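# Coordinates in review
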Amino acid sequence: MRKYSVFAVAREALRGHKGWEPQWVSPEPRKEYDVIIVGGGGHGLGAAYYLAKEHGITNVAVIEKGWLGGGNTGRNTTIIRSNYLYDESMDIYEHSLKLWEGLSQELNYNVMYSPRGVMMLSHNIHDKQSFKRHIHANRLHGIDNEWLTPQQAKDFCPPLDISATARYPINGAALQRRGGTARHDAVAWGYARAASDRGVHIIQNCEVKGIRRGPNGEVTGVETSRGFIGAKKIAVSASGHNSVIMSMADVRVPLHSVPLQALVSEPMKPIFPCVVMSNTVHAYISQSDKGELVIGAGTDQYNSYSQTGGLQIITHTLDAICELFPMFRRVKMMRQWGGITDNTPDRSAIQGVTPVPNLFVNCGWGTGGFKATPGSAHLFAHLIAKGEPHKLASGLTLDRFRTGRLIDEAAAAAVAH
Amino acid sequence: MLLIYCPYCEEERSELEFRHGGDAHIARPTNIADITDEEFAEFFFLRDNPKGLIFERWRHIHGCGRFFNAARDTVSDKFYASYKAGEPKPDLSAVHPATEKTVETYEATEGTAK
Amino acid sequence: MSGANRIAGQGRLTPARTARFTFDGKSYEALEGDTVASALLANGVHLVGRSFKYHRPRGIVSAGPEEPNALIDVARDTARRQPNVRATVQEVFDGMKVTSQNRWPSLTFDVGGLNNLMSPFFAAGFYYKTFMWPKAAWEKVYEPVIRRAAGLGTAPTEEDPDHYANRYATCDVLVVGAGVAGLSAALSAAATGARVILCDEQPEVGGALHYDRSVTVDGKEGFVWAQEAAARLAAMDNVTVLSRTTAFGYYNHNFVGLVERVTDHVARPDRKAPRERLWQVRAKRVILATGAIERHMVFGNNDRPGIMLASAARTYLNHFGVAVGKKVAIYTANDSAYEAAFDLKRAGVQIAAIVDSRGKPGDAVLNEARSHGIEVLTGHSVVDTKGHRRVSAITVVRNGGGGKRSITVDALLTSAGWTPSVHLFSQSRGKVAYNAETGQFLPGTYAQDCLSVGACNGTIGLQATIEEALAAGELMARATGNDGGEKVELRGENAFEWTGGMAGAAEGAGADTNVKAFIDFQNDVCAKDIRLAVREGMHSIEHIKRFTTNGMATDQGKLSNLHGLAIAAETLGREIPKVGLTTFRAPYTPVTFGTIINHSRGDLFDPARKTPMHAWEAAHGAIFEDVGNWKRAWYYPRAGETMQEAVDRECRTVREVAGLFDASTLGKIEVVGPDAAEFLNLMYTNAWDTLKPGRCRYGIMLREDGFVYDDGVVGRIAEDRFHVTTTTGGAPRVMNHMEDYLQTEFPHLKVWLTSTTEQWAVIAVQGPKAREIIAPLVEGIDISNEAFPHMSVREGKICGVPTRLFRMSFTGEAGFEVNVPADYGQAVWEAIWARAEALGACAYGTETMHVLRAEKGYIIVGQDTDGTVTPFDAGLAWAVSKKKTDFVGIRGLKRPDLVKEGRKQLVGLRTKDPKLVLEEGAQIVADPNQPVPMKMLGHVTSAYWSENCGHSIAFALVEGGHSRTGQTLYVPMPDRTVAVEVTDMVFIDKEGVRLNG
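Every chain begins its residue count from 1, and numbering advances along the sequence as written. Lettering for chains starts from A, numbering for ligands starts from 1, and both go in the order in which the items are written. Where local features are concerned, this predicted model is filtered to residues with pLDDT of at least 70; where side-chain atom pairs are given and counted, the filter is 80 or more; whole-chain, interface and lining totals use all residues.

### Considerations on the overall build of chain B
Here a strand is any run of E in DSSP of at least two residues, a helix any run of H or I of at least four, and the numbering for each starts at the N terminus. On a plain count of helices and strands, chain B comes out with two helices and six strands. Secondary structure elements of chain B occur, N-terminal to C-terminal, as β-β-β-α-β-β-β-α.

### What to know about the sheet that holds strand β35 (residues 659-662) of chain C
Residue and element names in this part refer to chain C. Strand order in the open sheet made by the seven strands is β42-β43-β44-β45-β41-β35-β46, with mixed pairing throughout. Because the sheet does not close on itself, it has two edges, and the strands there are β42 (778-779) and β46 (842-843). We call two residues in contact when their backbone-placed C-beta atoms lie within 7 Å. The angle between two axes is taken between their N-to-C directions and runs from 0 to 180 degrees, where each axis is a line fitted to C-alpha atoms and a helix contributes only its stretch in contact. The sheet contacts of helix α17 (residues 643-656) involve β35, β41 (760-766) and β46, and relative to β35 the element is tilted by about 115 degrees. Sitting on the sheet, helix α21 (residues 825-838) touches β35, β41, β43 (792-798), β44 (801-807) and β45 (815-821), and the angle it makes with β41 is about 15 degrees. Pairing between strands is defined by DSSP: at least two bridges between them are needed.

### Overview of the packing of helix α2 (residues 42-55) of chain A against helix α7 (residues 184-197) of chain A
Residues and elements named next belong to chain A. At a closest axis distance of 8 Å, the pairing of α2 and α7 adopts a crossing angle of 30 degrees. By the criterion of interaxial angle, the relationship of α2 to α7 is roughly parallel. Crossing of α2 over α7 shows left-handed handedness. Contact with α2, carried on its side by G42, L45, G46, A48, Y49 and A52, involves V187, A188, Y191, A192, A194 and A195 of α7 and no other residues of that element. Under this grouping Gly is polar, as are all residues other than the nonpolar Ala, Val, Leu, Ile, Met, Phe, Trp, Tyr, Cys and Pro and the charged Asp, Glu, Lys and Arg. Across the contact of α2 with α7, the residue classes tally to ten nonpolar, two polar and no charged. In these notes the angle categories are as follows: under 35 degrees is roughly parallel, over 145 is roughly antiparallel, 65 to 115 is roughly perpendicular, and the rest is oblique. Handedness of a crossing follows from how the near helix is turned relative to the far one, being left-handed for an anticlockwise turn of less than a right angle and right-handed for a clockwise one.

### Topic: the interface of chain A and chain C
Taken together, the contacts link 78 residues of chain A with 93 residues of chain C. For the side of chain A that touches chain C, the secondary structure elements donating two or more residues are α1 (6-13), α4 (103-107), α5 (125-141), α7, α9 (311-324), β16 (332-343) and α12 (409-413) of chain A. If you tally residues by element for the side of chain A that touches chain C, the top one is α5(A), at nine residues. Grouping the constituent residues of the side of chain A that touches chain C by class yields 36 nonpolar, 24 polar and 18 charged. Inspection of the sheet shows β16(A) paired to strand β32 (residues 591-592) of chain C by two bridges, in the antiparallel sense. Bridge pairing in β32(C) links K332(A) to T592(C).

### Section: the UniProt feature "domain: SoxA A3" (unreviewed entry) in chain C
When the UniProt feature table is mapped onto this chain, "domain: SoxA A3" (unreviewed entry) is found at residues 516-596 of chain C. Measuring from the first to the last C-alpha atom of residues 516-596 of chain C gives 39 Å, for a span that is 46% helix and 9% strand. UniProt positions are given in the numbering used here, feature names are shortened, and annotations may be inferred rather than shown by experiment.

### Quick notes on the UniProt feature "domain: FAD/NAD(P)-binding" (unreviewed entry) in chain C
What UniProt calls "domain: FAD/NAD(P)-binding" (unreviewed entry) maps, in this numbering, to residues 172-431 of chain C. Between the C-alpha atoms that bound residues 172-431 of chain C the distance is 24 Å, and the span itself is 23% helix and 36% strand.

### Some points on the interface of chain A and chain B
Each partner contributes to the interface: chain A provides 29 residues, whereas chain B provides 25 residues. Considering every element that reaches the side of chain A that touches chain B, the biggest residue donor is helix α8 (residues 242-247) of chain A, with three residues. A class-by-class count of the residues in the side of chain A that touches chain B yields ten nonpolar, 14 polar and five charged.

### Structural notes on helix α5 (residues 222-234) of chain C
Residues and elements named next belong to chain C. How far a helix is expected to stretch is found by multiplying one less than its residue total by 1.5 Å. Compared with the 18 Å implied by 1.5 Å per residue over 13 residues, the 18 Å span of α5 between its first and last C-alpha is a close match. Where α5 is concerned, the buried positions are G222, F223, W225, A226, A229, A230 and L233. Down the axis of α5, the sector holding all buried residues measures 155 degrees, keeping them to one side. Contacts from the buried residues of α5 go to α4 (180-191), β9 (196-199), β10 (216-217), β11 (220-221) and β12 (239-242). Around each residue's C-beta, the other C-beta atoms within 10 Å are counted; 20 or more make the residue buried, 12 or fewer make it exposed, and counts in between make it partly exposed. All C-beta atoms are placed from the backbone. Here the arc refers to the set of directions running from the helix axis out to each C-beta atom.

### Examining the sheet that holds strand β24 (residues 411-415) of chain C
By way of backbone hydrogen bonds, the strands of a sheet pair with one another, either parallel or antiparallel. Residue and element names in this part refer to chain C. Overall, parallel pairing links the five strands, which are arranged β17-β24-β18-β19-β20 in an open sheet. In the strand order of this sheet, the two ends are held by β17 (307-309) and β20 (376-378), each with one partner. Neighbour-to-neighbour, the strand axes of this sheet turn through a mean angle of 20 degrees, independent of strand direction. Bridge analysis of strand β18 (residues 327-332) against strand β19 (residues 350-356) gives six bridges, and the strand direction is parallel. Pairing of V328 across the sheet is with I351, part of β19.

### Topic: unusual backbone geometry
Residue and element names in this part refer to chain C. With an omega of 5 degrees, the peptide bond running from W104 to P105 counts as cis. Of the consecutive residues V932 and P933, the connecting peptide bond is found in the cis state with omega at 0 degrees. For P933, the location among the structural elements is in the loop between β48 (923-924) and β49 (938-946). Positive phi, normally seen in glycine, also occurs at N102, with a value near 55 degrees.

Right under this line is the structure:
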């Protein structure tokens, strides 16, 4: 792999950029691999990379039905933070955040991780109680998260309306300064390039149509649109379609897939310095390096694989954004879209073994999958290599729905009483 | 925004009047206190999440208030049936082809020429 | 004349009606009906903006919504300022201030233009390969620079004073686009009696008839016919014609979003009129007549001001009366551009040459060109242009080499062919199909009840378009049950049938070249960038788009997508359809946030709920807190009191005298029917069949998974009637939860549920003098302690109005909750208050309520519990029936993790320093000196200063808490560690003497 650097760019600039190599190679599939990863998003590509780099397992294929990063990796609002409540969540998201901090250098690919701060707005006493609970838990866990007064919040994000007459006035905010954003496509491409460099096969436009099983029920390979490909282990990480893939091995997972919508405004000069989220009015916003306001949005209420959604969902989001930032009412929406999120009953991910030997699953990241990408990928690689979860991911097992040991971040937030 | 037929009001109304209620035809076990942990997890948590035809519950919450069931394709979001709670699952094999366990490529869903 | 380039006798504007506007501070004259673009061109201004990345000088490319370059800032005043407006769409009004964007210090001298010199370094995706060292520099150094350079206009910084409107509409047939096709379809649909909505984004109907003067319909000039047809339609009762109205989004089940621009073109708008109006249309059928968009030619330096689309030049001439140059060349790959030359020539403009990349253009246009004496260079291409702020010359070569010559021009019109506007069709999730013969993506498989007609359907020829549209209009109308009227017939004629077209790079910009041949003007994407993306392994069109940013600008690739695709296909050696299209997403053109949200702002964003006593509370100085949608009185400070002082006083007064509290926000559900008790047995953990009429009981409701969902006191009014109360925030979901089970799991039970939250005003009178306060006001109820003990309910009258009077307490004091019909709430409150005040009682708010209940050990579901707490965890085991064989949650409660040791349980806490109040949300540990990450045992759920106890009190959820009584635990705060002792949860009157007094 030719190293990327400012010198490489300069050299290529002088010869019309004719010397760049493909970032990853797409060979014909082998007959069999040690590991097949189903799903060429950030999690799957990252897992392939860490399998090769940290576990020495390089006879690996990532199989993607469409294009790399074409699922939720390329459709999200790129928010990164780790200020969750429960140990299980803090462990995995903080592990991920630490990897984010060095990911550009690790991959020799600028993923544009930008710790511009994620600020979560508190609008009432209940919010404040909940955020304080997070802040204290985070501090004792070694994660930065601090309480801001309304004025401090406005200083950090000048467009914010902190007037007491607002319908949902702001009584403070929780700020994680290390939180921020990254360039979503670059994450998929960076992992693909680095994995490919270590020998991983990246196979796009290859749809998995079935999972073949051996005499003891163990997996032996996948039926695909390009024929059968053998595998000693299969790891499924196909956000949005995990239920479909897992059903091919007759495994039911507690998921429902719903469209999560997002939108961007027209590009404008820098106006919005950080990420702001409000759970009470339900909206989140940041500004991309191109200048677009990136705004996320709600999920449609029904199961759907359609990557579209109703106008009323983004309407409600924009209601909230314009209430928090009245100056944005004249701004224009340039594009709206949807991604399909897999949601578990406790809104926490499932990563672990399955009832089928040598079949592993990584799913249910809901609306939080992007920020988890490096951490999830890293721990998923451990699971695939060792056959058992890394201790940081040991709470994410499928079995918790039987025992009741849920990791219910949403329930912990409860509701106003 | 979907257009949903309420079998009680006998008319199509905007989705804004309805609340989705999860999968249909999942009966609460009458002996629920006696079922195993596995059975409980199955009843309460596990769902097919089909890509294709789904039988689901809706409540006409800002209308007649009634719960009813509908059959919808989760790829096209097209409704195939809408029927009162308690009625059996309709046989839709004639109007809706059986769901294949296949996944369309993104190109296919996003408009590659045929 | 308004502008030197306005040609007398040309165009449809009225010369006498002028308007003045400024552009970058300089004043210009325009005509009413001008767009900013046409007015600037009339005044000879071609340089109007700078591109996104290289800051190259840019002019006006189009005459419509597809404009990629001419983006301007339009202001009425400082608050009514709009960035990124397309000059080709914005109509001029008198007094408007227009400013160019993305340049510094000025449009003509832009420092950012240096980027153009550095452009070899700024190839597509270069930023992924560098800016990584040193590690911290991305966010601190590189990114801020990139962000400042990027972006286009500047965001508004003041709150928008304009308002916006919304209208829901239904119709039989919605016709999108009012060109020949749309008008024809609307005429035939309307003739059947169908309810028709016809919308068009332009101020006037006509579509391509704006520029195509060779068309006649029914013997009239096309544009004239169109206005008459629209007037005829508008006069029909069953038709709504909307101009300046863009269909921007095609959603599920024929739901189409339209945005109508109401006042942005008016100099002095009626302030009552909305700026824009959102139309949310549910159509039984939709007809898409959205036309086609002309593509530019892709060749070296094809982006200079003065280079524009051929059809745009025709629009400026034929509609606005403006010549875009004095010496104009045409560079085309299809016949339609010839007509621009003919029109301009007739208007007296010199045509330098028509350069046609094809060897063999259509005979008709070729002959016509020759008859005009225009030089036509077939089989030639323009490979370069000159001119800084405006094109001054073009370089022409013969295809394959040779014949190089330079031609002096001041404008160049290009046309590579027509791209059908399948945006809305595609948004409707229809699948497009590639027509290799015409090189067009056309509607293939339909997903919804719609039809495409005319140019957006690839239909060629005027009469064919008309006939297709007439048939579609009638078909769709009849499909909605309208079968009246006579068949509409129309006859159209035009001068030429158009053939030809190409996509991708033209001669001289091919794979072996390194010229800047722009495909996406706004984002500065060149043909070579597409090739670079492919070289780097980006083989999916989505990857190519994202790597190069092709099609990601505000025009969303209306000009560039097909070019990018063609170049990618060529580079990959695949056919175009094998490479695939990127997804068309809403909106078709950008839509104002304010329009989408329209009325939903301020008070209407999420209407606040107020209790019947709200006005009294406000008048008596209450400070309110938001609880869900409710405004609740939080505390009542007297002059000079801090919140703590007010709460301390209220707490003392209630325990010493009495207090009045507005409890109206509690959810209330009337559960009625012969099976009501059995139903409640299933919904709550407690037993209800044993509750006697006239008595109340505290109930716990679980979800099926065994966790506490809600709680509240339930009174049995009669054998078959219960008055259920819920938490304030829980009211709607508890009602839903009950309805769900009643309708779907227990439909055999004869029970009716009615939400009565708003029907009852609830006045809690609590404290030693509570009985004395209400006694004289109550009629027909013996409220003595013996006749009306704690946890009783009676119906009677108070102050002459009906009441359900509860003897209950959430303070630990003897107390009553007076339920009266909401309309009487304030009057009854005032009557009680008159007595209370005289006896020395106070009104108290939610903060005092919280303190008093905590002193007594009462929990608040949602604060002391979250969605992970069982009734056993909460110390409410006594409320879970052991006899019942079924209730919701019975099985969930028995799951392994819910019955295991060491669960978090609710306990009381006392700080070793009695004055110190814990912070709610603070975490608890056993060993404060352990290293981070610490093992946390739980957290503080409630914490108050208790004036009545003389020390602080708190509740906490703590692992194994019930067996830790007496233990010392620690709460590590940033500045100190607080030692606490685990206690039980009742801090006052453990025996309940006061309660029963």
